[in-house]
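# Observations on the model geometry
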Amino acid sequence: MEIKEESPVREQTPKPPERGLLHIWSPSVQPCPERVLLSRPVLQAALGEHHGLLLTQGGLVYSFGELLWRDLSVPVSAPVLEGSLLGKTIVLVAAGGFHCGALSDQGNIYMWGENTAGQCGQTESDGVSNITVSEPCPVTVVDRDVIPPAVVKVVHLTFGREHSLALSAQNELWAWGSGCQLGLVTSTFPVWKPQKVEHLAGRRVLQIACGAYHSLALVQRLPPKHYSTQNPEKREQSQSPQPFASLRDDSLGADSGHYCPLGVELTKVMSSETHRRRRSPRPRPGGGRASTHLEPHEHKEQVTDVDGSYLSHSLPEWRANKDSACLDEMELHSVVQRNLWDQTTEDTDSLSSCTSEDSCVSSTPITDLLTASLKEDLTVQSQPNSNRGVDTPYSSSPAFLEDVQLFLAAEKQAMKGQKSSSLTNINQRGKDANRRHSLPGTPTRGSPRRQRTCPFSVGRKHATAPEEAGEGLPSLETEVWSWGRGSEGQLGHGDQLARLQPLCIKSLTGEEVIKVAAGSHHSLALTAQCQVYSWGSNMCGQLGHVNSPVTVPQLAKLSDGLRVWDISAGQSQSLLLADGDCIQPILLYCGQQLEAMSVQSERLNQGQRSSQRSPNRAESYTVRPSLLPFCMELGYISSVFCGGSNCGVLADQNVMGFISAVHELASRERQFFCWLSSTRKLLLTPLRNRESVCPSLGEPCTHLFFSLCETFTRLTSLIGRHSASLSFFLHNVQGQDVTSLLLLTYTEHFVDIYRKYCSSVDDFQVMGGFQALHKLSLECLGSQQTVLAHLSVSGPSVSGEVDLGSLLYWPLQQLHQYSRVLLKLATCYDVLTTEYQSLHQGCSRYESLSLSLNRRKKEAEVTLLFWKTHPGKSTEVLRLPKRRVVCESSNRTLTLQNAGRFSNHWFILFNDALVHTQGAIPSQSLFSTHNVYPLTSLWVKPVTDDSSGLYAIKITCPEESFTIVASTPQEKNKWLRSLNEAVDQVLGGGGQGSSPGLTAMSRTASYKFTGEGRFKDAQYSGAWLAGQVHGSGTMRWPDGRVYCGNFKHGQEDGFGQCVIPNKVLNKADIYQGHWKDGKIHGFGKYKYATSEVYEGCFCDGKRHGYGMLSSGKLDKKSSGVFIGQWVHHKKTGYGVYDDITRGEKYMGLWSDEQRNGNAMVVTQNGLYFEGTFRDNKMSGPGLLVSDDDTVFHGEFSDDWTVNGKGVLSFANGDRLEGLFSGEWTSGFKVVGTYTKPAVGEPEYKEKKHMFRQGQYVVPAGQRWVCVFDECWSRLGCDAPGKGERTTAWENIAVTITTARRQSPDLSRSQSKVLESLEFIPHYEDQVTTASYDNIRRYLMKACETPHHPLGWLVETLVTVYRMTYVGVGSNRRLLRQAVNEIQAFLTHFYSIVRFLFPGLPDDGSVIPEPPASQSESRHSSAVAEQGVLVLSCSSLLFPVLLPRLYPPLFTLYCLQEEQEEAQYWERVLRLGKQPDQSLLSFLGVQEKFWPVWMSILGEKKQIVSSSRDACFVSAVETLQQISTTFTPSDKLLVIQKTFEELNQEVKPMLKGDFLWCMDDLLPLFLYVSVRARIRNLGAEVSFIEDLMDPNVQHGELGLMFTTLKACYIQIQQESTT
């Protein structure tokens, strides 16, 4: 701070603030308030017994009054600054009986003042006196239930006389000080450090208040699920918690005295508290006012008898000024008065002593966590308890003192017999005596750490509106809990017992309490309906009613039209802030005051006070809240506060109309909420609960009425919570941001609630519900019709009855008030500010909503009039709640084109349909037939052809079209505009109408087909175009068929899924794929109900092209899989059929579902057949090869039966030639010649060549043509290479884009790949070495995704290849066919790639260099010869194909080389057992190449004769990588790197340049091959040899491969002896 010592009265700023004006007065001493002149606006004030605190703008704290802890007396006109708090931004101050507290913006507490009971939280160990704390000292709240202990942030403070309460940001309550009012589970007082009130743990505490020796808490009500009834025993135990038992020990004593229901003896507890406290009178400094009123600090502790009355009184100052007989007389008069009252009424009042030790202690001003929202008290007359004691006169006849004393003694004696643990009023008799008025809490041992905190801001009262889950509106679901002393009934539980733990006041549950206040011995509760409940001591009339005293909450007597929205309670007074007839708030006061001040209230309340005897003392008191006339001179009061005998208010001046506008908004909202609550209570709730509501209204209207009641309740709740938030806004309007108004921040929520409510009222009115509801209200309410007249804002109708429709439409007027007030607020800001923009936007939004809802109201009224004008059964079928009439042609202004001369047509346009009736007589509401055309599927187009001279409009519907003719051009324009606006509005537009004929040609709607056709009785929901289904949609048939996918021009077209039920099998066929012109066409997957699955191509609903059919589980004949070509739903062409049942695989030609043509067959027994099939049987010449290399070549008939000439050759060269008959498995019958020729005979070799395999099979180039044809078709080509290249690339782009949109489950990497493939590359340019790599990368990406045509091709080729050569197809006889098939794949694949990239040269041609510069990259498998790159289709496509085809292909190689591999591996194992040097010597490696040193983890070690696997380690490890590669080019690179590693290891051993010769290289590489131990080296060699690029066979790589092959042969033939 700039100035550490300052006083506001010394400041030289002449102009006082316009906001935060402070006024303080004492009603019992001075009649009018005193203005406190300060240069800074006061944000908050707190009053104690005889002192007060002020919080000004900037966080400064000032003190005034009797500062006993400093022996100072400071007048309120010159408060002193608390210098110790400078530098700390204080946001809240609190004053207890004789101590003070302040809260910083960081949630830190500072306290000072009296500390006799530990209420300041300071101990002797802190180095501060235990009696008083003269300067603010920090008090830390630490939560020790968490590990590690955490400092708790506090958001609210409130103090009593000897205790202090704090509310944390987690809405948990903490307490310290002394007395049962702490609510702690302890018997040791004082409590020096703040402790958590565990009894409220787990509950959300919203606001707290402290009386002299009692405490109140406003708690958010738990959801119903928390009140579990599943375990009543456990719940009963929670109501009587075990910790209370610990308080009944020997130290407290136990006798036959009265105990409270919680097991605590009242007398002993009070005595123990008295013993611990300093009871010497507090010194009073000089200069104070004369002591003409009761000084509470001079009272001594009272000793309480078992019946709650006091046995002795010590009132030195009172008896110094008054005769002691006066007190006795007052007490006796009170008893007589109560006794006479008991005789005249059934309900009795609770007994209270006239005075008590703690009868005059102030309460701290409450800064709410829940702000007030108020309700007009319109229901006082309907509440029987509210007028109690008003109309019955008191007896004013004098009574003898002795009689009264005898009566008092007799009553005390009678009351002793009633002492029990009952929670009811001990003085209450009758049928209600046993009713419970309170709910005990459920204590928990641990307090959960809440994540949600209260809002907190600097310079703002902590009257923060709590939020419900998911919303920022205050909650009205609250409860009031109380604990502490209850000698005056201030706890509200129906008795005068004390409570050590918080207990819920049951009678206030459900009353929507939004604020509580505590006086010395009385309590107040403010509800959202602007009502005030009060209970406790009523010695000075501070409760606002004549029931004195009360131990349960009762309503204060408020005049009609007054709506209280802030409350405060003091020593013996209550101060209420309310709305009156004008916008400016008014002050209501009840309690002790000067006689002169009570003159006016005496006149106003003469009828109520005429029979009541006033106390015989200088002061007087009111029996109901009375208006303080000076309140209008104070300005716009924002909050009230009381303490001790003083009262105070904070007010604001109306600057630029801002303050008045905010008050007007809040006042109107409170008034509106009161009206809503009264309407719901007096009208809607009785009608809804009436049993005859359904017969009276009818079933449709009953449902609508219940819906209306539900939306009305939601609207009421919203307005109530909003009014509470506005009251909070007013409490600190100077520190609030106007843009934080809930009208602006929750605009959409308000709009939604109002729209739903208006819609429910409109629907109810359209169905004629208000007429029937009015009759029901007359039966239900009867004599209470005057109440309805009071609720009716517009007043009764001409007949004197209340119009219920107008009554329930009245809430719509509030929207205009919102707009008007927001506009008034906006005028207070500059147009360029954010505040103006936000307010102006909100104003426009609510005004437009008001106009829209009023327009809907008008439409409902017009519709109701239409139904009244056209009654009858014919029109009643058209009457729907949501339907509104737009226009109709009953005046014959519209007719059907080409209609008959005598035909009658009546057109009615509703907001949802166009109705065409025929044979209609509109005046009588009769017609023979009618058609209803929903507007969602209706298209309007004006007929512009003027040749006919007709004013026509064409109407298009999904199943028909017709033209209507208007009588005049004006009529045509009217209907055209109305139709367009209605269609536009039903489609979600603004309803303003579009250009004629252009209203939503493309739209999304639902429609049910009724006419004949494929869609008969089908329900469609999806996209439309000009009357036809077009786009994405779903069609459902009554028989269970469902199609979900794309449509085009009224038919299924594009990708879609169809479900077709099979009633016989009780399952469904499911197809997912492409459609065209309403038929299955294209690629798709069909799952049959028989469990068969076909995945492939269709044409006109039939299998056509490539496809794979898997037999189902229900097929008992055979089980197998066919993959190949289909023609018109039949297997025709090349295909592979795997007969799982017979263990055979057929690979050949088909025709009309039968095997017909060349084919080869392998069986699971290892037999291999190839030949010609006819009529599904193998016949004619063929070849049979067994697993042991026995070969039969001859004539076959009837499958595998041999019949005719043939030659049988054995593996050893023997031959049997002649006539054969029989089967291979059962044996042959042979008539022929057996020969055993010499092995070297030339003729044997020629004859062996005659038996070569593959002469009867389908050539590899003719297989799987259907797969490549489908790929060409996807590119838009009718035949291979026959099509537009531009069209092909466009089809690719469209396919990729569609896949991205229709596949939301794609991974991030897949989405990136598809995104990169959407761009069409430069395919027309000539391919150079620079662009070759780009093409190669594009092909790699394209083949990664099946959505690309090339990717689908690769995936399909892999499928057919695995289907052919996996399983039974893993026969070594098929190796040559598998290799040829891969070569054929390359040829077809490369033709497609060259079509897409025409710049690619032929296979084996040279790729030119770019003209600008040399290419920096060379493909690894291409050979650069003299700077020239040669293209090879294998090097381009093998990296795409072979990694996927490698497993089945390499398996065949391993089977083929199985015998040779066994010999090779045996020798490798034997040679590998030798040490390195022995092996090198055995293999003939020269010693100059022998390594001498080896490196192990970077350390050199010498190689000895016993070392193994130590030589040429890097070369060995490199060669082992050959098994991890999949293409010949990659395997050749491994071989090349092996030679390089070998060269690097040998080079250090030799001097100078060295050139390898084969004599040196072969033995060394032989050593590396042995040590590499490659398991299937023979298969690797054969794989490379068959598929390597021919361009590299004679180069360096070819030489290196030859070396490896030679090593393999050498190892295989090496002698190991």
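Rules behind the numbers
- Residues numbered from 1 in each chain as written.
- Predicted model: local features only at pLDDT ≥ 70, side-chain atom pairs only at ≥ 80, totals over all residues.
- Heavy atoms only, no water.
- Helix = DSSP H or I, 4+ residues; strand = E, 2+ residues; numbered from the N terminus.
- Buried < 20%, exposed > 50% of the residue type's maximum accessible area, 1.4 Å probe, protein only.
- Contact = heavy atoms within 4.5 Å.
- Areas by Shrake-Rupley, 256 points an atom, 1.4 Å probe, with all protein chains shown as cover.
- Pairing = 2+ DSSP bridges.
- Axes fitted to C-alpha atoms, helices over the stretch in contact; angles between N-to-C directions.
- pLDDT = per-residue confidence, 0-100.
- Core = buried A, V, L, I, M, F, W, Y, C linked by side-chain atoms within 4.5 Å.
- Parallel < 35°, antiparallel > 145°, perpendicular 65-115°, else oblique.
- Nonpolar A, V, L, I, M, F, W, Y, C, P; charged D, E, K, R; others polar.
- Expected span 1.5 Å × (residues − 1).
- Arc of directions from axis to C-beta.
- Phe/Tyr/Trp six-rings, centres within 6.5 Å; stacked < 30°, edge-to-face > 60°.
- Lys NZ or Arg CZ within 6 Å of the ring centre and 35° of its normal.
- Salt bridge = Lys/Arg side-chain N within 4 Å of Asp/Glu carboxyl O.
- Left-handed = near helix turned anticlockwise from the far one by under 90°.
- Disulfide = S-S within 2.5 Å.

## Structural notes on the overall build of the protein
In terms of regular secondary structure, the protein is built from 34 helices and 65 strands. Classification of the 1617 residues of the protein by burial places 54% in the buried group. The long-range share in the protein, meaning contacts at least 24 apart out of those at least 6 apart in sequence, stands at 59%. Accessible surface, the protein: about 69,700 Å² in total, of which carbon and sulfur atoms supply 50%.

## A closer look at the sheet that holds strand 17 (residues 191-196)
Pairing is antiparallel across the open sheet formed by 4 strands, whose spatial order is 14-15-16-17. In the strand order of this sheet, the two ends are held by strand 14 (154-159) and strand 17, each with one partner. Across the sheet, the mean angle separating the axes of adjacent strands is 20° when strand polarity is ignored. Both strand 14 and strand 15 (residues 163-168) contribute to a ladder of 5 bridges, which runs antiparallel. Opposite His 156, over in strand 15, you have Leu 167 as the bridge partner.

## Digging into the environment of Arg 892
Within the secondary structure, Arg 892 sits in the loop between strand 34 (885-888) and strand 35 (894-896). Separated by 14 residues in sequence, Arg 892 and Trp 906 have C-alpha atoms that sit 7.5 Å apart.

## Section: the confidence of the model for the protein
Summary statistics for the protein give a mean pLDDT of 79 and a share of 76% for residues scoring 70 or more. For the protein, the element scoring lowest by mean pLDDT is helix 3 (residues 316-321), at 35; strand 15 scores highest, at 97. Note on residues 596-619: pLDDT under 50 across the span, and 43 contacts to partners over four residues away in sequence or across chains. In the predicted structure, residues 1243-1250 sits below a pLDDT of 50 and forms 7 contacts with residues beyond four places in sequence or in another chain.

## Side note on the nonpolar core
Counting residues in each nonpolar core, the largest one holds 132 residues, and the members touching the most others are Phe 1397, Leu 1400, Leu 1449, Phe 1512 and Ile 1535. Top contributing element to this core by residue count: helix 27 (residues 1433-1456), with 13 residues. Dropping the residues within four chain positions of it, Leu 1400 is found in contact with Val 1327, Tyr 1332, Ile 1335, Tyr 1390, Val 1393, Arg 1394, Leu 1431 and Leu 1436. One finds Cys 631, Tyr 636, Leu 684 and Phe 712 within the second-largest nonpolar core, a separate group that totals 113 residues.

## Here's the deal with the sheet that holds strand 24 (residues 522-527)
Pairing within the open sheet is antiparallel, and its 4 strands lie in the order 23-24-25-26. Taken across any chain shown, the strands that pair with only one partner, and hence form the sheet edges, are strand 23 (513-518) and strand 26 (550-555). Along the sheet, successive strands turn relative to each other by an average axial angle of 15°, direction set aside. Two strands pair when backbone bridges link them, and strand 25 (residues 532-536) and strand 26 are joined in this way by 3 bridges, in the antiparallel orientation. Within the sheet, the bridge partner assigned to Ser 534 lies in strand 26 and is Gln 554.

## Quick look at the packing of helix 21 (residues 1265-1274) against helix 26 (residues 1375-1396)
Two elements in contact, helix 21 and helix 26, have axes whose closest approach is 11 Å; the angle formed by their N-to-C orientations is 10°. It follows from the interaxial angle that helix 21 and helix 26 lie roughly parallel. Contacts from Phe 1268, Cys 1271 and Trp 1272 in helix 21 reach Phe 1385, His 1388, Phe 1389, Ser 1391, Ile 1392 and Phe 1395 in helix 26. Residues of the contact of helix 21 with helix 26, tallied by class, amount to 7 nonpolar, 2 polar and no charged.

## Some details on helix 22 (residues 1285-1302)
A rise of 1.5 Å per residue sets the reference length of helix 22, with its 18 residues, at 26 Å; its end C-alpha atoms lie 26 Å apart and thus fit the reference within 8%. All of the buried residues in helix 22 are Ala 1288, Trp 1289, Ile 1292, Ala 1293, Ile 1296 and Ala 1299. Seen along its axis, helix 22 keeps its buried residues to an arc of 135°; they face one direction. Among the exposed residues of helix 22, those pointing more than 90 degrees away from its buried face are Val 1294 and Arg 1301. Buried residues along helix 22 sit against helix 23 (1308-1317), helix 24 (1329-1342), helix 25 (1349-1365) and helix 26.

## What to know about the pairing of strand 33 (residues 646-652)
Strand 33 sits mainly inside the fold: 7 of its 7 residues count as buried. The pairing of strand 32 (residues 636-643) with strand 33 spans 7 bridges and is classified as antiparallel. Looking at the pairing, Phe 641 lines up with Gly 648 of strand 33. The loop that links strand 32 with its antiparallel partner strand 33 comprises 2 residues; one of these, Gly 644, has a positive phi angle of about 60°.

## Quick notes on the packing of aromatic side chains
Per the counting criterion, the structure on display carries 63 aromatic pairs. For the ring pair Tyr 933 and Phe 962, a centre distance of 5.2 Å and an interplane angle of 45° mean the geometry is tilted. In this pair, Tyr 933 sits in strand 38 (residues 929-934) while Phe 962 sits in strand 41 (residues 961-966), placing the two residues 29 residues apart along the sequence. Neither residue differs from the other here; Tyr 933 and Phe 962 are each classed as buried. Here Phe 1009 and Trp 1024 contribute two aromatic rings whose centre-to-centre distance is 6.2 Å and whose plane-to-plane angle is 25°, an arrangement assigned as stacked. Taken as a pair, Phe 1009 in the loop between strand 42 (1002-1008) and strand 43 (1019-1025) and Trp 1024 in strand 43 lie far apart in primary sequence, 15 residues in all. Judged by relative accessible area, which is 0%, Trp 1024 ranks as buried. Cation over ring: Lys 1131 sits above Phe 1122, and NZ or CZ is 5.3 Å from the ring centre.

## Let's talk about helix 12 (residues 747-766)
In a regular helix each residue adds 1.5 Å, so 20 residues correspond to 28 Å; helix 12 covers 28 Å between its end C-alpha atoms and thus fits that length. Of all 20 residues in helix 12, 15 are buried, a share of seventy percent or more. Downstream of helix 12 by one or two residues, Gly 768 has phi in the positive range, about 70°.

## Some points on the pattern of salt bridges
Throughout the structure, instances matching the rule amount to 41 salt bridges. Notably, a salt bridge pairs Arg 1215 with Glu 1217, separated by 3.6 Å at the nearest N-O pair. Glu 1217 sits in the partly exposed class, given a relative accessible area of 41%. One salt-bridge network, held together by shared partners, links Asp 143, Asp 145, Glu 172 and Lys 196.

## With respect to the pairing of strand 58 (residues 1201-1209)
Pairing between strand 57 (residues 1191-1197) and strand 58: 6 bridges, direction antiparallel. Following the sheet pairing, Gly 1194 is matched in strand 58 by Gly 1206. In this structure, the hairpin formed by strand 57 and strand 58 is closed by a connection of 3 residues, where Asp 1198 is found at a positive phi of approximately 55°. The turn linking strand 58 back onto strand 59 (residues 1215-1223) is made up of 5 residues, and Gly 1213 within it adopts a positive phi angle of 100°.

## Section: the packing of helix 32 (residues 1558-1572) against helix 34 (residues 1596-1613)
When two helices pack together, their arrangement is captured by the angle between the axes and the distance separating the axes. Close contact between helix 32 and helix 34 brings their axes to 9 Å; oriented N to C, the two are set at 65°. Helix 34 is crossed by helix 32, and the crossing has right-handed handedness. Touching Met 1558, Leu 1562, Phe 1565, Leu 1566, Ser 1569 and Val 1570 of helix 32 are Leu 1599, Thr 1603, Leu 1604, Ala 1606, Cys 1607, Gln 1610 and Ile 1611, all from helix 34. Residues of the contact of helix 32 with helix 34, tallied by class, amount to 10 nonpolar, 3 polar and no charged.

## Things to note about the state of the cysteines
This structure, assessed with the given rule, holds 0 disulfides. Distance from the sulfur of Cys 642, which forms no disulfide, to the nearest cysteine sulfur (Cys 647) is 3.7 Å.

## A word on the environment of Thr 917
Take Thr 917: it is sitting in strand 37 (residues 913-918). In sequence terms Thr 917 and His 905 are 12 residues apart; their C-alpha atoms lie 5.7 Å from each other.

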